[in-house]
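# Observations on the three-dimensional arrangement
Here is what each chain is made of, one letter per residue.
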Amino acid sequence: MPRPHCARCQRPEGHCLCALIPQLPSQTRVLILQHPSETAHALNTARLAALGLANSELMVAEQVAPSLWQAGAARTCVLFPGEGATPLAPSEEPLQLLVLDGTWRKARKLLHLNPELAALPRVSLPAPQPSRYRLRKAPAEGALSTIEAIVQALEILEAPASFQALLAPFEALIEGQIRAMGEDTYKRNHQV
Ligand SMILES: [Zn+2]
C-alpha cells in the first residue's frame with residue numbers, strides 16, 4: 001500500500017516540507033506551466049515554488065487558454081532562453097512571468113502546443129550559475145531547476161529583494177534524496 005502523502009506539498013508522510021515553505025510576496029506574478037508528465041517526479045520543484053510564492057499559480061496542462069495570462073493587467077513574458085529572448089533586467093512595472101517547468105524537451109513541446117504562448121515576448125536569465133540540483137540530469141550545462149530559475153529571475157526583476165528563502169524546502173529535499181541514495185547504496189553493498 002502506498003504511504004499517505006501530505007495533501008499540500010505531496011511529500012510522503014514523515015517527509016513533509018511544509019514547515020520550510022515560506023509565503024513570500026512578490027511584485028511579479030509567477031505563472032508556472034507544468035507538463036502533466038512532470039507532476040509525479042519526486043523532485044517537483046515547480047510545486048514548491050508555487051506554494052512558497054504568494055503571487056503565483058501552478059497549472060498542470062499540455063494546453064492552456066490565453067485567458068490564463070490575459071486576465072492580469074501586467075505585461076506577460078515567457079522565461080525561455082534562446083534567440084529573441086531579452087536578458088532579464090530590473091523592472092519598474094510589475095511583470096507577469098510565465099515559467100515552463102520540465103526538461104528542455106518538455107518545455108519546447110509546451111511552446112509547440114501553445115502557439116499564443118510561444119508568441120509572447122521571451123526573457124532569459126543571464127550567464128547561468130551552477131545549479132545546486134545535483135541529482136537530476138541537467139539537459140544542458142548550467143541548466144537550473146525550475147525553482148532556482150524562478151529565484152534568479154525574481155532577484156533580477158525585483159533587486160535588491162532576496163528570494164533565497166524560497167529555496168529552503170528545495171535544499172531539504174535534495175539533502176533527503178542524497179541521504180536516501182546513500183542508504184540504498186549501503187543496502188546494495190551490505191546485503192547478505
Ligand atoms: Zn507538506
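Provided above is the structure to which this section pertains.
Heads up: these notes are all about the structure in this document.

Conventions adopted
Residues numbered from 1 in each chain as written. Predicted model: local features only at pLDDT ≥ 70, side-chain atom pairs only at ≥ 80, totals over all residues. Heavy atoms only, no water. Helix = DSSP H or I, 4+ residues; strand = E, 2+ residues; numbered from the N terminus. Buried < 20%, exposed > 50% of the residue type's maximum accessible area, 1.4 Å probe, protein only. Areas by Shrake-Rupley, 256 points an atom, 1.4 Å probe, with all protein chains shown as cover. Donors = N, O, S within 2.8 Å, 3.2 Å for Na, K, Ca; no water. Tetrahedral: all angles 85-135°; square planar, octahedral: opposite > 155°, others 65-115°. Salt bridge = Lys/Arg side-chain N within 4 Å of Asp/Glu carboxyl O. Pairing = 2+ DSSP bridges.

## Overview of the overall build of the protein
- Along the protein, the regular secondary structure elements total 6 helices and 6 strands.
- Starting at the N terminus and ending at the C terminus, the protein contains elements arranged as β-α-β-α-β-β-β-α-α-β-α-α.
- The proportion of buried residues among the 192 residues of the protein is 41%.
- When the accessible area of the protein is evaluated, it comes to approximately 10800 Å², of which 55% is carbon and sulfur surface.

## Some details on the coordination of the zinc ion
- The protein atoms donating to the zinc ion are Cys-6 (SG), Cys-9 (SG), Cys-16 (SG) and Cys-18 (SG), with metal-donor distances spanning 2.3 to 2.4 Å.
- Given 4 donor atoms and angles of 101 to 115 degrees at the metal, the environment of the zinc ion is assigned as tetrahedral.
- Positions of the donor residues of the zinc ion, expressed as sequence spacing, correspond to C-x2-C-x6-C-x1-C. Taken together, the residues span a long stretch of sequence, with Cys-6 in the segment before strand E1 (29-34) and Cys-18 in the segment before E1 at a distance of 12 residues. As far as burial versus exposure is concerned, Cys-6 and Cys-18 are alike and both buried.

## Regarding the pattern of salt bridges
- Scanning the model with the defined rule gives 3 salt bridges in all.
- Where Glu-93 meets Arg-75, a salt bridge forms, and the shortest distance between an N and an O atom there is 2.9 Å. You can see Glu-93 sitting in the loop between strand E4 (86-87) and strand E5 (95-101) and its partner Arg-75 sitting in strand E3 (residues 75-79), a full 18 residues away along the chain.

## Remarks on the pairing of E3
- For E3, a buried count of 4 out of 5 residues is recorded, marking the element as mostly surrounded by other parts of the structure.
- Both E3 and E5 contribute to a ladder of 5 bridges, which runs parallel. Opposite Arg-75, over in E5, you have Leu-95 as the bridge partner.
- Bridge analysis of E3 against strand E6 (residues 122-124) gives 2 bridges, and the strand direction is parallel. The partner of Leu-79 across the bridge, within E6, is Val-123.

By themselves, these are just geometric observations and shouldn't be taken as functional.
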